[in-house]
Structures are given as C-alpha cells and as structure tokens.
Protein chains: 2
Amino acid sequence: MGGVEALFEPSSVAVVGASRRPGKLGRVILEQLRSSFRGRVFPVNPKADSVAGLRSYPSVSSIPERVDLAVIAVPAEACPGVVEDCGAAGVEVAIVISGGFSEVGRRDLEQELVSRARRWGLRIVGPNCMGVYRPSSGLDTLFTPSDLLPRPGPGRVAILTQSGSFGGAVMAWLAAERVGLSAFVSYGNRADVDEADLLEYLAGDPETGAIAIYLEGARDGRRLASAISEVSPEKPVVVFKAGRTSSGSRAVLSHTGSLAGSDAAYEAAFKQSGAIRAMSTQQFLDFSRTLAVQGPSRGPRVGVITNGGGYGVAAVDALVERGMTVPEPGPSLRERLRSLLPPYYPVGNPQDLTGSSTADQYGAAMRAFAESGEVDGLMVIALFSVPLLDPSRTADYVLEVRREFDIPLVVVSLEVNEGAARAIESMEEGGVPVFPSPERAADALFALVRYGEVRRRAEVTRWRP
Amino acid sequence: MGGVEALFEPSSVAVVGASRRPGKLGRVILEQLRSSFRGRVFPVNPKADSVAGLRSYPSVSSIPERVDLAVIAVPAEACPGVVEDCGAAGVEVAIVISGGFSEVGRRDLEQELVSRARRWGLRIVGPNCMGVYRPSSGLDTLFTPSDLLPRPGPGRVAILTQSGSFGGAVMAWLAAERVGLSAFVSYGNRADVDEADLLEYLAGDPETGAIAIYLEGARDGRRLASAISEVSPEKPVVVFKAGRTSSGSRAVLSHTGSLAGSDAAYEAAFKQSGAIRAMSTQQFLDFSRTLAVQGPSRGPRVGVITNGGGYGVAAVDALVERGMTVPEPGPSLRERLRSLLPPYYPVGNPQDLTGSSTADQYGAAMRAFAESGEVDGLMVIALFSVPLLDPSRTADYVLEVRREFDIPLVVVSLEVNEGAARAIESMEEGGVPVFPSPERAADALFALVRYGEVRRRAEVTRWRP
C-alpha cells in the first residue's frame, strides 16, 4: 500500500464528475481548484469535450499526463468503476466525495471501493467526505464555494475531521479569528485512509505545527493510539472526542454509524498516547492554535501581568483551577519589580500595572518575570482602554520578549479601538495568541503545560542507557 | 437614608472638578455627559467661569437649580468638603470617582465621606470607581472616553461591578457582541451604596431584564444574600465571584483589600439565595444576555435541531454534561417529523436536517418539537454554509417560533457570509441569542433551566395555605 503524500502534495489533480452544469458538486470542485490550485487540473466527463473552459477527458486513464490525485464526485454506484480506472492510470490517492455508502447501509459498495483500490495500491479518502484543503498550494477539494464558507489562510494548524460539517464550522471560525491552517482533511466514512495514515504524513510535514483531530469513534483504537504515541513526542496532537455521554454516543451512531465506545477507555488511551484532550469546540481551537505556534512549557508556574485588577484575579482562579500555579515573587524578583515600577504600584504576582500602565512598564515587568526563572510561562493582560498605554509599543515589547525568551506567552486583550485591533493582529502574526478572556488564555497555557508533560514523559521512556 | 433613584434617573448632574484642561478626569466626564446625557449638566470649578463652553459654578450649592446627582473628581483630601456641600445643596446621590481612600490605607478619609453624607441623607457611590452608564438616557460618568472604550447600546442587561477594569472589559465585549445594557454601575470601594441598594432599585427597573454582578468579596454577606433572595424570584441575578481559589483570594486582597472569604460559603449562599453562578467571564456574559431576553425553562429536556451532525453530537454532550437531557422523540413526534421531512432524512433528537436542509425544514422541525410537549427548550444549530438554506428565511422561522411558543430557544451559527451575518443580527434583535459553539449555547440553556428551578422553588416557599 502506498502512502498519502499525493493527498497533500499532488502535482496534478483529476476531477471525475466535473459537470457542465454550474452548481453541481464536481463542477464546484473543479472551479475551486482551477482558481486556487498551483498544479495541473483535469476535468473528467465522458459526455463533454470541455468543462468550464478546460479540455475534458472521458476517463482518468485517457489523460495523457500523470495524475497524482483524483477527486471523485459521481453517483455511488459508479464509484467502483472510476476507482478501477484511477488504479489502472497510476493515480496514488483518490478522494471519494460521493455519499451513498456505509452511512446509508451500503457497506458492500464501500468494501468494493476499497478492494478494487487495494489491487492497484491506490489509497482512498472517504467516501462521503469533503476531502482536502491545503492553503499553501491552493489545493482545495471542498464542495462548498468560498463565498459560502470562508477559508482560513496558510498557517501551522492541521485539522483532521470525521465530520465534514464540524470541519466546515471550525474552518469558518478559524478564518474569523485569523488563525491559519497547514492542512484540512475531511475523511468521512474512512473506508481506507484513516487518522493513523494522516498523522504519519503530518508528523513529517514542515508546515504543520500542531494536529487537531475531531473524532466520533476510532475504527481501530489501538492503531490510532499507537499512531498518536509515535507523533506526540514530536508534534502536539489535540483530540476532540464527540459522543462522551451516553446520549452523545447514541447521536454518534445515528450520525456516522460509528460506535462512540466507552469514554473512559478513550480517556485512558489519550492519556497514554500523549494526546491533549479538548472538552469543547472552543478548547479544540484554542489548544491547537497555541500549540501550533509555541513550544511546550517547562512547568506549571505562571506569571500574570495585568492592568486590570479584576481580570488579574479571574486569571489566577482560572490558572489554579486548571492545575497551574501563580507563585508569589521571591525577594530578588520583588526587589527588581520594585526598582522598575513607580513607587506607588503594588508589587506581586499578579503584577498589577494599574490604570496608569505604560508600554515601558509592560516591557520591564515581562522581562523581570522572564529573567527571574521563577515562572515557566506568562499571561499578559493588556486592556487598551487606558490613556497612557500605547498598543503598538506594548505589542512590540510582547514580541521582543517572545523572541528573546523561550517560554510560553499568551495575551488577554480586547479590540476596544483601532490601535488595539492592530496591536492584537501584530501579536498574533508574531506567534502570540490573544484571547478576550483570562479563562481562554488559561486554557491555552494549560495546553502548553500539558504538552510539556507529554514531551518529558517521552524523553524518559525513550532513554536507553 | 435615601434611595438610589437619582443614580439611575437624575434630571440634572453636577460635575465637581470639571477642569479647564482637556484630558483631566473631570473634564472628560463633563464632555461625555454634555454630548450624551438628555438632562441638565453643570460644571463645578471655583477657578473658572466656564468650562468647555458651559457656565461653571464655584460650588454645587451655588447652582441655582436643583441637582439630583453629583459626580466628584477632585483630590481625595478635598472630597469630604465637596460631599458636605452636596448634602447642603440637597443632592441625593454623589459618585466619588476619585481614588486615594481605603485602597491606599486611608480608611479614615473614606469614613469621613460617609459620615458627612449620612448627616444629609446623601448617598455615596464609590469612592475609587467609574460610576454609572445608562444607555437609555445617555447618563455616562465613565472617565474613559468612548473612542478608547466602546459603549454597548441600550438593552436589558444590568452590570454591577466592584472592579472598574473588569466592568470596562465586559462592556467592550458586550459592545463587540452587540448585546445591550440597561445600566452599568462601577461602585469601587463601596463605602456606602452596595450591591443590595443597587439590586433593590434594579428589581423594579422596567428596563432591566437580568442583573449581573462581578464580586470580589461582599462587605456584608448576609445583607447581600438577603437582597439576592428578594430579587431572584422576580429577576435573574448572575454572579461571578472572583477569588475562588486561595491564590485568587490573595490577589483579591491586594487588588481591592476585600476579603474573598471561603468559596464554599459563597457557593452555599448563592445556591440558597437563588443566584446563578458563572464560573468564567464568558459564562458571566452568556448567562446574563440570555436571561435578560428569555424566560425561565420549565424543565431540563432539550430538543436539538441541526444541519451539522458533528455539531449536533457536541451539543448533546454539552447539554448532558450540564445536567440537561436530550430525549428520544416519542412515537407521535417521530411520526410527525417523518411526515414533514424528506423520506431519506433520519428522524430523532438531535434532528439532523443534513447538508440538504432548507429554511422550511427548520420551520417544520422547530414547530414539531415545540408543539410536542416533549421538550422544554430548543437548541437550533444552523450552519449557513450549505447551498439550499436561506439565512433570512431561517431567521424568520426562528423568530416566529420564539414569538409563538413560550420556551427557551437559542441558536448556534457562524457569520460565514453576509447573509448569515444579517440573519444572526436579526435573530439577536428578536431576543434569540446566537452563539458560535454548541457549548456556549448549552451554557445559555443551562442558565434558563437553573433560573426555572429558582422560580419554582420560590413559588413553593412563598405558597401559604
């Protein structure tokens, strides 16, 4: 069996079922690919000489050039024949977009797809899926046009999803929060290519910083756990497991026909394999976007710098409730803060810079905490509604500390005005995630702390005298 | 002692310390009031004849008209004298914006303020606070200009906050999410007017639908609990208590000098008094905005209608984890759904309308669930990235069901395109909160279910044979 490189890095793509009628699935996919993909695109349609201005072919095997990836959007009954043709033509991966397989009781037809493909060493993604989106090359087989579903730009998060609609929602959300993607794969019924295959590829993909998986049920739990165990010491793997409750498992069964399985068993497998488990959609996104741009935390001690006392207290509660600590500064850090800040400022952790805060004070306090060795990460709360705090200079200091010190750093801020919005954008572009609430920032730090534990455990396990 | 009506409904306001220098606190407040407040505004400044184009007076008592509310922004040492003058002039409420009292160890000066005020029956808000914002009348004493801190428009949520910066952050957030306010009060050191006084007024305020309190520590726990017990059967009270953890209480002490107290004691008091406790900033906002526009739920049974299977499963998990249920439809509801929906649709709860969903199908399914009597509330997940689903008509059906049936109804949707954004706005304007994630929508329903329990318990307690 071949690998799945061609799913992520094809030079040429054939779209089988590229209809002459605008609006049909295959046609939408063809147009999307033609406008965004950097490689070659071939429509396949036996009833047309050209589709959407491109020369069309009656079959994949009649295309005179090499085809790496085929996208199949024809009725289910016709799919096995097309797969056979793809195999004969030397295609490496075929994405079967079409539905009408095991999800409606036609497990036989799905099995037929796979057995035909295996004969040729062809790998199948799907059926009943949306396929792949790879922003860096413009590869985009999603049948929802981008005016209906906005696409995130290039970035470091890879999303793997059993549910196409969940994936679509997550993409729209990422786009709205300006978080970039390295790859998105919706694999639907997962007849052949599964999470383990995709993880194996993404582990070596230089564009991917973190891998996030939406899972309803594993086809082969051991295989998945083993794949996660392989990847997690190298790259963080975030998992959102739907169907945690018994009513949820019932919903999973009627949704994808998967068995959601015992949640306790999944929990144990995730812990053991080093997956970082998200318990909400929001955590799924916040964990992933943070792990994609920052390294693991060396420990649970967090320094909190704030210009809002109330948000500072809420941050401390949220951190402690997630298992982190907010240690009081020791004598030398205390003295240093004392010497750097105005005499009427309190000194402590959280360090309250008050409503008189300036960018220079943020810079000084961040540096003092980072250099002290007393904390393993920083949460910087910068509310830009105060008159003396310049958003742009504050952002510069944040990015400077981020570059200079190898510790987790997340920011809490709100887009209260234009200057604040620009500062937030520049921090995010520089690899510092910005959240509107202390609790979401605490979630982000939690993911980095948890990933630090995963990494340290892997080092111990791998060490051989 | 008088009440606090004049804080919310003054006809005339004096600003003491209205400086001739732009940018000074008193000057900013004066300009804000002059541009937004519908009543009369008088600058008080003994060193000027006019400030910002308004005739200025040397003292409050020299103003020839009646003054209901005074806003004081002069150095702390000068405040007791000004309070005396306000008392003599018959002012009903004075907001002392100035800091420099108990928060810096000058409890004596703060006590002096209060004892002078009490002699005249004058009530004091603050000191060390931001004061009041009342969108419906344009009353706005916040010293942060609106270009630095956006203000929400008029609405049904009242916010009471010990921390000005927390309040400011929440306001900016509400403004960004287009949630309206009935009133905002930052009362800082709480030397005189406290939550109980404010709750008493807001209980009878027709503009206020729900009251949200940010609390670090109560001055008098029994008094607060008793005030909440009085209000909660009439209007929902949401509380976010900062300083839940021991590190958090330490931070509270250094922030406002309050004793955060035992969290278990607060938890018990909130339960007993019928407060609905938020455990995160996000919940504080989501609980409040939902309770402000929808009535209590009669029970925990929720119907979920979705066009995304994955989001549907996540919704079920989130609801069940929060103590709600997602019951399977009984025979007659099942039959009704069967007859209303295309034959190839699955039928159940969650009701998956699939990627082929239309607005009419949403309308039919919502009505079938609402009329069945089998559920106490609805979560409607409408992802507008599918080609056949018209956002505007879907929103119309949602609002129709909302008007016609007296059950909680919240929506999950994303602003994936212009049409979706407009539909979301119209649903929110019609009293249906819209959230990007199933978990936040489940939080919103949780608040309505919890408030239903509070109401039913109050009925039992009040019933006398």
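### Considering the pattern of salt bridges
Residues and elements named next belong to chain B.
Phase 1: Counted by the stated rule, this structure contains 84 salt bridges over all chains.
Phase 2: The salt bridge involving Glu 177 is made with Arg 289; its shortest N-O contact spans 3.0 Å. Residue Glu 177 is located in the loop between helix H5 (164-176) and strand E11 (181-186), and its partner Arg 289 is located in helix H10 (residues 281-293); the two are separated by 112 residues in the primary sequence.
Phase 3: Note that Arg 219 and Asp 194 form a salt bridge whose closest N and O atoms lie 3.1 Å from each other. Remark: Asp 194 occurs in the loop between E11 and helix H6 (195-203) and Arg 219 occurs in the loop between strand E12 (210-215) and helix H7 (221-231); sequence separation between them is 25 residues.

### Some remarks on the environment of Ala 89 of chain A
All names here are of chain A.
Phase 1: On the secondary structure map, Ala 89 appears in the loop between helix H3 (79-88) and strand E6 (93-96).
Phase 2: Of the residues examined, Ala 89 reaches a relative accessible area of 30% and is grouped as partly exposed.
Phase 3: Spatially, the C-alpha atom of Ala 89 lies 6.5 Å from that of Val 60, the residues being 29 residues apart in sequence.
Phase 4: With sequence-adjacent residues up to four places away left out, Ala 89 is seen in contact with Val 60 and Ser 61.

### Remarks on the packing of aromatic side chains
Residue and element names in this part refer to chain A.
Phase 1: Scanning the entire structure with this criterion turns up 22 aromatic pairs over all chains.
Phase 2: Pairing Phe 287 with Phe 446 gives two aromatic rings, centres 5.8 Å apart and planes at 40°, and the pair type is tilted. Taken together, the positions of Phe 287 in helix H10 (residues 281-293) and Phe 446 in helix H16 (residues 438-462) put the pair 159 residues apart, joining distant regions of the chain.
Phase 3: By relative accessible area, which is 0% here, Phe 287 ends up buried.
Phase 4: The partly exposed category is assigned to Phe 446, whose relative accessible area is 24%.

### Details of the pairing of strand E5 (residues 69-72) of chain A
Residue and element names in this part refer to chain A.
Phase 1: The side-chain alternation of E5 yields two buried faces, one formed by Leu 69 and Val 71 and the other by Ala 70 and Ile 72.
Phase 2: The pairing of strand E1 (residues 12-16) with E5 spans four bridges and is parallel. Of the residues in E5, the one forming a bridge with Val 15 is Val 71.
Phase 3: Tracing the backbone out of E5, into H3 and back to the parallel element E6 gives a crossover that is right-handed.

### Focus on the interface of chain A and chain B
Phase 1: Taken together, the contacts link 59 residues of chain A with 59 residues of chain B.
Phase 2: Buried surface at the junction of chain A and chain B, summed over both partners, amounts to about 4,000 Å²; 60% is from carbon and sulfur atoms.
Phase 3: One salt bridge in this structure joins Arg 244 of chain A and Glu 321 of chain B, with 2.6 Å as the shortest N-O distance.
Phase 4: In this structure, the connection of chain A to chain B is made through 24 residue pairs in polar contact (both at pLDDT 80 or more).
Phase 5: Every element with two or more residues in the side of chain A that touches chain B is listed here: helix H5 (164-176), strand E13 (237-241), helix H8 (246-256), H10, helix H11 (309-321) and H16 of chain A.
Phase 6: Top element by residues in the side of chain A that touches chain B is H11 of chain A. It accounts for ten residues.
Phase 7: When its residues are assigned to classes, the side of chain A that touches chain B shows 30 nonpolar, 19 polar and ten charged.

### Considering the sheet that holds strand E5 (residues 69-72) of chain B
Residue and element names in this part refer to chain B.
Phase 1: Strand order in the open sheet made by the five strands is E2-E1-E5-E6-E7, with parallel pairing throughout. The strands lining the two open edges of the sheet, one partner per strand, are strand E2 (40-44) and strand E7 (123-125). In this sheet, neighbouring strand axes are inclined to one another by 20° on average, regardless of whether the strands run parallel or antiparallel.
Phase 2: For strand E1 (residues 12-16) and E2, the ladder comprises five bridges, and the chain directions are parallel. Following the sheet pairing, Ser 12 is matched in E2 by Arg 40.
Phase 3: Strands in contact with helix H2 (residues 25-36) are E1, E2 and E5; relative to E1, the strand with the most contacts, it is inclined by about 160°.

### Focus on a positive patch on the surface
Phase 1: A cluster of basic residues, Arg 20, Arg 21, Lys 24 and Lys 47 of chain B, forms a positive patch on the protein surface.
Phase 2: If you trace the backbone, Arg 21 of chain B turns up in the loop between E1 and H2.

### Observations concerning the side chain of Glu 374 of chain B
Residues and elements named next belong to chain B.
Phase 1: The topology assignment puts Glu 374 in the loop between helix H13 (359-372) and strand E17 (377-381).
Phase 2: A distance of 2.8 Å separates a polar atom in the side chain of Glu 374 from the backbone nitrogen of Gly 330.
Phase 3: Setting aside residues no more than four positions away along its own chain, Glu 374 makes contact with Arg 301, Pro 327, Glu 328, Pro 329, Gly 330, Ser 332 and Leu 333.

### Side note on the state of the cysteines
Residue and element names in this part refer to chain A.
Phase 1: Per the counting criterion, the structure on display carries zero disulfides over all chains.
Phase 2: Free of any disulfide, Cys 79 has its nearest cysteine sulfur in Cys 86, 9.7 Å distant.
Phase 3: The class for Cys 79 is buried, based on a relative accessible area of 0%.
Phase 4: Residue class for Cys 86 comes out buried when judged on its relative accessible area of 0%.

### Considerations on the relation of the copies chain A and chain B
Phase 1: Expressed as a screw transformation, the operator carrying chain A onto chain B has a rotation angle of 180° and an axial translation of 0.0 Å, and the superposed copies differ by an RMSD of 0.0 Å. One copy is carried onto the other by what is essentially a two-fold rotation axis. Within chain A, Gln 282 of chain A has its C-alpha nearest the rotation axis, a separation of 5.7 Å.
Phase 2: By residue overlap, the copies meet face to face through one surface: 100% of the interface positions of chain A are interface positions in chain B.

Calculation rules
Residues numbered from 1 in each chain as written. Chains lettered and ligands numbered in written order. Predicted model: local features only at pLDDT ≥ 70, side-chain atom pairs only at ≥ 80, totals over all residues. Heavy atoms only, no water. Salt bridge = Lys/Arg side-chain N within 4 Å of Asp/Glu carboxyl O. Helix = DSSP H or I, 4+ residues; strand = E, 2+ residues; numbered from the N terminus. Buried < 20%, exposed > 50% of the residue type's maximum accessible area, 1.4 Å probe, protein only. Contact = heavy atoms within 4.5 Å. Phe/Tyr/Trp six-rings, centres within 6.5 Å; stacked < 30°, edge-to-face > 60°. Pairing = 2+ DSSP bridges. Right-handed = clockwise from strand over helix to strand, strands pointing away. Buried area = accessible area lost by both parts, 1.4 Å probe. Polar contact = N/O pair within 3.5 Å; in protein donor to acceptor, adjacent residues only side chain to side chain. Nonpolar A, V, L, I, M, F, W, Y, C, P; charged D, E, K, R; others polar. Axes fitted to C-alpha atoms, helices over the stretch in contact; angles between N-to-C directions. Patch = residues over 30% accessible without salt bridge, like charges linked within 9 Å, V, L, I, M, F, W, Y side chains within 5 Å. Areas by Shrake-Rupley, 256 points an atom, 1.4 Å probe, with all protein chains shown as cover. Lys, Arg positive; Asp, Glu negative; His and termini not counted. Charge placed at Lys NZ, Arg CZ, Asp CG, Glu CD. Disulfide = S-S within 2.5 Å. Least-squares fit on C-alpha atoms with pLDDT ≥ 70 in both.

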